[in-house]
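Here is how the chains run, residue by residue.
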Amino acid sequence: MKKRITVETAVISASKLIFSADESIENLHPGGQVLVDTDQVAFIYLMEGQDDYTYIAIPERLWPIVKTAMDQALRVWITYRDGQMELVDFQDELEYVIDNIKGNSNYGKEMVAKVEEVFQG
């Protein structure tokens, strides 16, 4: 099973969206890809480790601030303790995924409804 780190908080500061995690992101590198977890109703940003991927889960409760950041075209970062790194291609990847989810029953009614509710327009 892949390692999963759930984003605990998200704030907009210094013209960027900053996710905070409670687990180390040390030795991980941005994977530049966003996936969907329909079971947990979350977006997943892939981070690459030496031998495997780590999933950075962005739960539905944080989507409104993600939408605000998208509307302002802000860059997205993740922090852990004193370190931080940019989640490259986050905006473009998330926009692509959202466009695919809207009205697409393959993602399940709950996921489609929540994505359309937050990201419509």
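The sections below set out a description of the structure shown in this document. (Residues numbered from 1 in each chain as written. Predicted model: local features only at pLDDT ≥ 70, side-chain atom pairs only at ≥ 80, totals over all residues. Heavy atoms only, no water.)

Comments concerning the environment of E48
Basically, it comes down to this: Strands are runs of DSSP state E lasting at least 2 residues, helices are runs of H or I lasting at least 4, and numbering of each runs from the N terminus. Here, residues are in contact when the closest pair of their heavy atoms is within 4.5 Å.
Relative to the assigned elements, E48 resides in strand β4 (residues 42–48). Measuring from C-alpha to C-alpha, the distance between E48 and G31 comes to 5.5 Å, with 17 residues separating the pair along the chain. Sequence-distant contacts of E48, that is, excluding residues within four places in its chain, are made with N27, L28, H29, G31 and Y53.

Overview of the side chain of E86
Quick reminder of the rule: Here a polar contact is recorded for every N or O atom pair within 3.5 Å, except that within protein the pair must consist of a potential hydrogen donor and a potential acceptor, and residues adjacent in sequence are included only if both atoms are side-chain atoms.
Within the secondary structure, E86 sits in strand β7 (residues 83–86). Side chain to side chain, E86 and R75 meet in a polar contact 2.7 Å long. If near-sequence neighbours (up to four positions away) are discounted, E86 is found in contact with P30, R75, V76 and W77.

Digging into the pairing of strand β3 (residues 29–37)
Using the following cut-off: Any two strands between which DSSP finds at least two bridges are classified as paired.
Pairing between β3 and β4: six bridges, direction antiparallel. When the bridges of β4 are listed, P30 appears paired with M47. Between the antiparallel neighbours β3 and β4 lie four residues, among them V41 with a positive phi of about 50 degrees.

Focus on the nonpolar core
Applied cut-off: Put simply, buried Ala, Val, Leu, Ile, Met, Phe, Trp, Tyr and Cys residues joined by side-chain atoms within 4.5 Å make one nonpolar core. When a residue's accessible area, from a 1.4 Å probe over protein chains only, is under 20% of the maximum for its type it is buried; when over 50% it is exposed; and in between it is partly exposed.
With 36 residues, the main nonpolar core has F19, F43, I58, W63, V66, F90 and F119 as its most contacted residues. Ignoring sequence-local partners within four residues, the contact set of F19 consists of V7, T9, A10, I58, V66, V76, W77, I78, T79, L87 and F90.

Description of the sheet that holds β3
In plain terms, the rule: Axis angles are defined between N-to-C directions and span 0 to 180 degrees, where every axis is a line fitted to C-alpha atoms and, for a helix, only to the segment in contact.
Taken in spatial order, the seven strands make up an open sheet running β3-β4-β5-β1-β2-β6-β7, and their pairing is mixed. Each end of this open sheet is capped by a strand with a single partner; those strands are β3 and β7. Neighbour-to-neighbour, the strand axes of this sheet turn through a mean angle of 30 degrees, independent of strand direction. Sheet strands in contact with helix α2 (residues 90–101) are β2 (16–21), β3, β4, β5 (53–59) and β6 (75–80), and its direction is about 15 degrees off that of β3.

Here we look at the pairing of β4
The element β4 is largely enclosed, with a buried count of six among its seven residues. Counted between consecutive antiparallel strands, the loop separating β4 from β5 contains four residues.

What to know about the environment of K67
As for its placement among the helices and strands, K67 is situated in helix α1 (residues 63–71). In this structure K67 comes out as buried when scored by relative accessible area, which is 16%. Here the alpha-carbon distance between K67 and I25, two residues 42 residues apart in the chain, equals 24 Å.

A word on the pattern of salt bridges
In plain terms, the rule: One side-chain nitrogen of Lys or Arg within 4 Å of one carboxyl oxygen of Asp or Glu is enough to make a salt bridge.
In total, this model carries five salt bridges according to the counting rule given. The shortest N-O distance in the salt bridge between D71 and K67 comes to 2.7 Å. Here the residue D71 and the residue K67 both occupy positions in helix α1, the gap between them amounting to four residues, near one helical turn. Look at D71 and you get exposed, because its relative accessible area is 55%. In this structure, E86 engages R75 in a salt bridge whose closest nitrogen and oxygen atoms are separated by 2.7 Å. Taken together, the residues E86 in strand β7 and R75 in strand β6 connect sequence positions 11 residues apart.

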